[in-house]
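# Coordinate inspection notes
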Amino acid sequence: MDTRPHTEGELMADIGATVETYWATAQARDWRAFSATLADDVRYELPQTRERVLGRDGVVRFNAEHVGEWSLEVERVVTDGDQAVSWVSFSVDEEETQAISFFTASADGRIQTITDFWPTSYEPPREREHLVERF
């Protein structure tokens, strides 16, 4: 592993590439490669359910044991210094949803923190139908 200090530009590229690898290896169910994207003391939080998973092994297990036939597609990854945000389309069985995830990098470019938001879809109020276009 490269242990030299990173400049901000290098770290920004590293966290973006690391997040892309995180999602690609999750999709491939390559849990060894997925694990390599995570810092040893990674912290994973889901504010909507008030859940927290601490440590690389816990985060790998949390993802590896997700029930159902699921698939994901990365829509976008945006980086700024040692932080990244991803937008992912996720389907499990026949249900589709979107997720927004916030990441911070450790000094070596691995993922130190993950905060996931999984919004629930809902039908908009009828009284604003005249204001929007549905897609």
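Residues numbered from 1 in each chain as written. Predicted model: local features only at pLDDT ≥ 70, side-chain atom pairs only at ≥ 80, totals over all residues. Heavy atoms only, no water.

Looking at an unreviewed UniProt entry, one finds the chain named Ketosteroid isomerase-like protein and attributed to Streptomyces iranensis.

## Focus: the nonpolar core
Our working definition: Among the buried residues, those of types Ala, Val, Leu, Ile, Met, Phe, Trp, Tyr and Cys that are joined through side-chain atoms within 4.5 Å form a nonpolar core. When a residue's accessible area, from a 1.4 Å probe over protein chains only, is under 20% of the maximum for its type it is buried; when over 50% it is exposed; and in between it is partly exposed. Only DSSP runs of H or I reaching four residues or more are called helices, and only runs of E reaching two or more are called strands; each is numbered from the N terminus. For this analysis, residues touch if any pair of their heavy atoms sits within 4.5 Å.
Membership of the largest hydrophobic core comes to 24 residues, with the highest contact counts inside it found for Y22, F34, L38, F103, I111 and I114. Per-element accounting of this core gives the leading share, five residues, to helix 1 (residues 8-27). With sequence-adjacent residues up to four places away left out, Y22 is seen in contact with F34, T37, L38, Y44, N63, F103, I111 and I114.

## Section: helix 3 (residues 56-64)
Heads up, the rule is: Here the arc refers to the set of directions running from the helix axis out to each C-beta atom.
Residues of helix 3 that are buried include every one of R56, V59, V60 and N63, and no others. The buried side chains of helix 3 occupy one side of the element, clustering within an arc of 100 degrees when seen end-on. Residues of helix 3 that are exposed and point over 90 degrees away from its buried face: D57 and R61.

## Looking at the side chain of R56
Quick reminder of the rule: Here a polar contact means two N or O atoms within 3.5 Å. Within protein one must be a hydrogen donor candidate and the other an acceptor candidate, and residues neighboring in sequence count only if both atoms are side-chain atoms.
Within the secondary structure, R56 is located in helix 3. Polar side-chain contacts of R56 include one of 2.6 Å to the backbone oxygen of L38. Filtering out sequence-adjacent residues up to four positions away, R56 remains in contact with S35, L38, A39, D40, V42 and R110.

## Some thoughts on the side chain of T97
Following the sequence through the fold, T97 ends up in strand 5 (residues 95-105). Apart from the residues within four sequence positions on either side, T97 is in contact with V88, S89, F90, W118 and P119.

## Quick look at the sheet that holds strand 2 (residues 51-54)
Which entries qualify depends on this criterion: The pairing criterion is simple: DSSP has to find at least two bridges between the two strands. The angle between two axes is taken between their N-to-C directions and runs from 0 to 180 degrees, where each axis is a line fitted to C-alpha atoms and a helix contributes only its stretch in contact.
Pairing within the open sheet is mixed, and its six strands lie in the order 2-1-6-5-4-3. One side of each edge strand has no neighbouring strand; the edge strands of this open sheet are strand 2 and strand 3 (70-80). Averaged over neighbouring strand pairs, the angle between their axes works out to 20 degrees when direction is ignored. Pairing between strand 1 (residues 38-46) and strand 6 (residues 111-117): four bridges, direction parallel.

## Some details on the packing of aromatic side chains
Aromatic ring pairs are described here by two measures, namely the spacing of the ring centres and the angle between the planes. Under the convention used in this document: Between 30 and 60 degrees the pair is tilted, below 30 it is stacked and above 60 it is edge-to-face, where a pair is any two Phe, Tyr or Trp rings, Trp via its six-membered ring, whose centres lie within 6.5 Å. Look at NZ for Lys and CZ for Arg. If either is within 6 Å of the ring centre and within 35 degrees of the ring normal, a charge sits over the ring.
Scanning all chains against the criterion turns up nine aromatic pairs. A centroid spacing of 5.3 Å and a plane angle of 75 degrees characterise the contact between Y22 and F103, whose relative ring orientation is edge-to-face. Note that Y22 is positioned in helix 1 and F103 in strand 5, a separation of 81 residues in sequence. Like Y22, the residue F103 is buried in the burial classification. Centre to centre, the rings of F90 and W118 are 5.1 Å apart; their planes meet at 75 degrees, and the pair counts as edge-to-face. Here W118 lies in the segment after strand 6 and F90 lies in strand 4 (residues 83-92), a separation of 28 residues in the sequence. Following the ring pairs from residue to residue traces out a cluster consisting of Y22, W23, W31, F34 and F103. In this structure, R29 packs its charged tip against the face of W70, placed 3.6 Å from the ring centre.

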